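Working through the structure, step by step
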Amino acid sequence: MKIIIAGCGIVGTALAERLAVSKHAVTVIDRNEKHINYIQNILDVLCITGDATAPDTLIEAGAANADLFIAVTDSDENNLLACLVAKKLGAGNTIARVRTSQNVKTANILTEEMSLSMVINPELEAAREIFNSLKYKPAGRVESIAKGSAEIITCTVKPDTVICDVPVRELNRVTGTRVLICGIKRDGDVFIPTADTIIKAGDTLSFAAATRNALVFLKKIKYDTERIKNMVIIGGSKLGVFLARKVIEAGIPVKVVDNVAEKSSELLNLLPEADIIYGDGTDSDLLEEEDVLESSVVVTATDDDSTNTMIALYLAKVAPDVKTVIKIKKSDFEDMIFGMNIGTVINPKYIAVDNIINYVNAMQNSIVMDEVESMCHIIDNKVTIFEFNINEGMPYLETKLMDLKLRKNLLIPLIYRNGRPFIPGANDIIRVGDIVIVATMDQNISRFSEIFA
């Protein structure tokens, strides 16, 4: 497809990289010549320096023939205007990134009139992902797959649990459940396990399971599976407000800590059901006085990566049983924190990228039926989970899995068939109508036919 991206910040660059790898014809637009030069040096895409709201720039970029126009500049208003102009020029579909609550409401009201295909709010999407992870307290992340009938859950292996020093092939026998390990992080390295891989204490692992089996597995390995009792959000950022609203709607008590007096007063109006605390989240005395160290979950959601990380480090030391979620904006900072194992790292911008890529895949599915249905990332964003709709004409149908030659660092952890998910065995086959879940570390895969060696 022909895709135009307006804005070459972190989100725009990540989108261009992912879409170019998938062989789309990508054009990027940015006012900043340094951004454009950087993109030109790393990607084989068409680059244009200019204003994405200007008709002349969009005409030069080929908006009239674009299948999709994505506006992810640092201005909500410019994103909406650029989408409107691109649509008027003939672009097929348009996506606008909108970050403020007021602009989200405006965009939702104007979506039909502006013919917007999608409005993406990174902080709102991140709040949803954090909220989903609350289903299981020990889980770092929870990804719903197979039409919501199964999940991929990330957690850390505790010492002296029944799965320590057990090979992956013996996991189901030892626990009495049906799960499959999709990825493991050990000593800073991430890899796809084999049947002979030995599970070790301290491993971070992601496992796939039918929803009905996930809780059973966590109980078997002696994890706390009780409902989240309360939450503390440190930082009244956009993400903090979105998350607090979702938690309040679920009936979970929430405290929000912020060290800016004006922001604290604003939060009292925005979140009347929450307990608003004016204070510094890095103050250990305040954390103790406000029972933060006794809470079920703490989310560090200030607008400063260093502050969020420092608080998480302190909590990991003095309150290791508290589930900690860390909001990070800079990707290089994120990579460093992944190696610390101090909590779940959430980067709203990359969540937004995944959601846009899923929309692109859905668009392409209407044209090429063997394209990926949806995708997400696990284990430091180094393992990709794909969902493929299996249709007539795809390779290796009705072939036993044991006879398939799959790419290295790739496995099939789950198949969804006739409304039910199951962990496949060596003698199972892939059939038309299935949804096949694939876990891989190969970044060059975008089609089902590409999973084979």
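Residues numbered from 1 in each chain as written. Predicted model: local features only at pLDDT ≥ 70, side-chain atom pairs only at ≥ 80, totals over all residues. Heavy atoms only, no water.

Regarding the pattern of salt bridges
So the rule is basically this: Salt bridge, as used here: a side-chain nitrogen of Lys or Arg that lies within 4 Å of a carboxyl oxygen of Asp or Glu. In this text, helices come from DSSP runs of H or I with a minimum length of four residues, and strands from runs of E with a minimum of two, each type numbered from the N-terminal end. Buried means the residue's accessible area, taken with a 1.4 Å probe over protein chains only, is under 20% of the maximum for its type, while exposed means over 50%, and partly exposed covers the values in between.
Overall, the coordinates contain eleven salt bridges when judged by the stated rule. Taking the shortest distance from any N to any O, the salt bridge between Arg186 and Asp203 comes out at 2.6 Å. One end of the pair, Arg186, is in strand 10 (residues 179-186); the other, Asp203, is in the loop between strand 12 (198-199) and strand 13 (204-210), and 17 residues separate them in sequence. Two residues, Asp442 and Arg407, come together in a salt bridge whose shortest N-O distance is 2.5 Å. Placement of the pair is Asp442 in the segment after strand 24 (435-440) and Arg407 in the loop between strand 21 (383-389) and strand 22 (410-417), with a sequence separation of 35 residues. Its relative accessible area of 17% is what places Asp442 among the buried residues.

Quick notes on helix 12 (residues 305-318)
The test is simple: A helix's residues, less one, multiplied by 1.5 Å, set its expected span. For this analysis, a polar contact is any N or O atom pair within 3.5 Å, provided that within protein one partner can donate a hydrogen and the other can accept it, and provided that sequence-adjacent residues contribute only side-chain to side-chain pairs.
Along its 14 residues, helix 12 runs 20 Å from first to last C-alpha, staying within 8% of the 20 Å computed at 1.5 Å per residue. Taking the backbone nitrogen of Ser306 as reference, a side-chain oxygen 3.3 Å away marks Asp304 as the first, capping residue of helix 12.

Examining the sheet that holds strand 14 (residues 231-234)
For sheets, the rule is that strands pair by backbone hydrogen bonds, running either parallel or antiparallel. How we decide: Two strands pair under a simple rule: DSSP has to find at least two bridges between them. Lines fitted to C-alpha atoms define the axes here, with helix axes fitted over just the stretch in contact, and angles between the N-to-C directions of these axes take values from 0 to 180 degrees.
In space, the six strands of this open sheet follow the order 16-15-14-17-18-19, with parallel pairing throughout. Edge positions in the sheet fall to strand 16 (275-278) and strand 19 (344-346), since each has one partner strand and no second. With strand direction ignored, the average angle separating the axes of adjacent strands in the sheet is 20 degrees. Taken together, the four bridges between strand 14 and strand 15 (residues 254-258) define a ladder with parallel strand orientation. Among the inter-strand pairings, Met231 is bridged to a residue of strand 15, identified as Val254.

Points about the sheet that holds strand 8 (residues 150-156)
The line we're drawing: Throughout, a residue-residue contact means that at least one pair of heavy atoms, one from each residue, lies within 4.5 Å.
Spatially, the five strands line up as an open sheet ordered 7-8-13-10-11, and their pairing is antiparallel. Here the strands that pair on one side only, and so sit at the sheet edges, are strand 7 (141-145) and strand 11 (189-191). Adjacent strand axes in the sheet meet at a mean angle of 20 degrees, parallel and antiparallel pairs treated alike. Inspection of the sheet shows strand 7 paired to strand 8 by five bridges, in the antiparallel sense. Across the sheet, Val142 pairs through a bridge with Ile153, a residue of strand 8. Packing of helix 8 (residues 211-220) onto the sheet brings it into contact with strand 8, strand 10 and strand 13, and relative to strand 13 it is tilted by some 135 degrees.

Structural notes on the pairing of strand 18 (residues 323-327)
Selection criterion: Here, the term right-handed applies to a crossover whose path from the first strand over the helix to the second runs clockwise when the strands point away from the viewer.
Across the five residues of strand 18, five count as buried, placing the element largely inside the fold. Side-chain alternation along strand 18 places Lys323, Val325 and Lys327 on one buried face and Thr324 and Ile326 on a second face that is also buried. Note: strand 17 (residues 297-300) against strand 18, four bridges, orientation parallel. Residue pairing for strand 18: Val299 is matched across the bridge by Val325. Considered for its hand, the β-α-β crossover made up of strand 17, helix 12 and strand 18 is right-handed. Bridge count between strand 18 and strand 19: three bridges; the pairing is parallel. What sits directly across from Lys327, in strand 19, is Ile346.

Any functional reading would require information beyond the geometric quantities listed.
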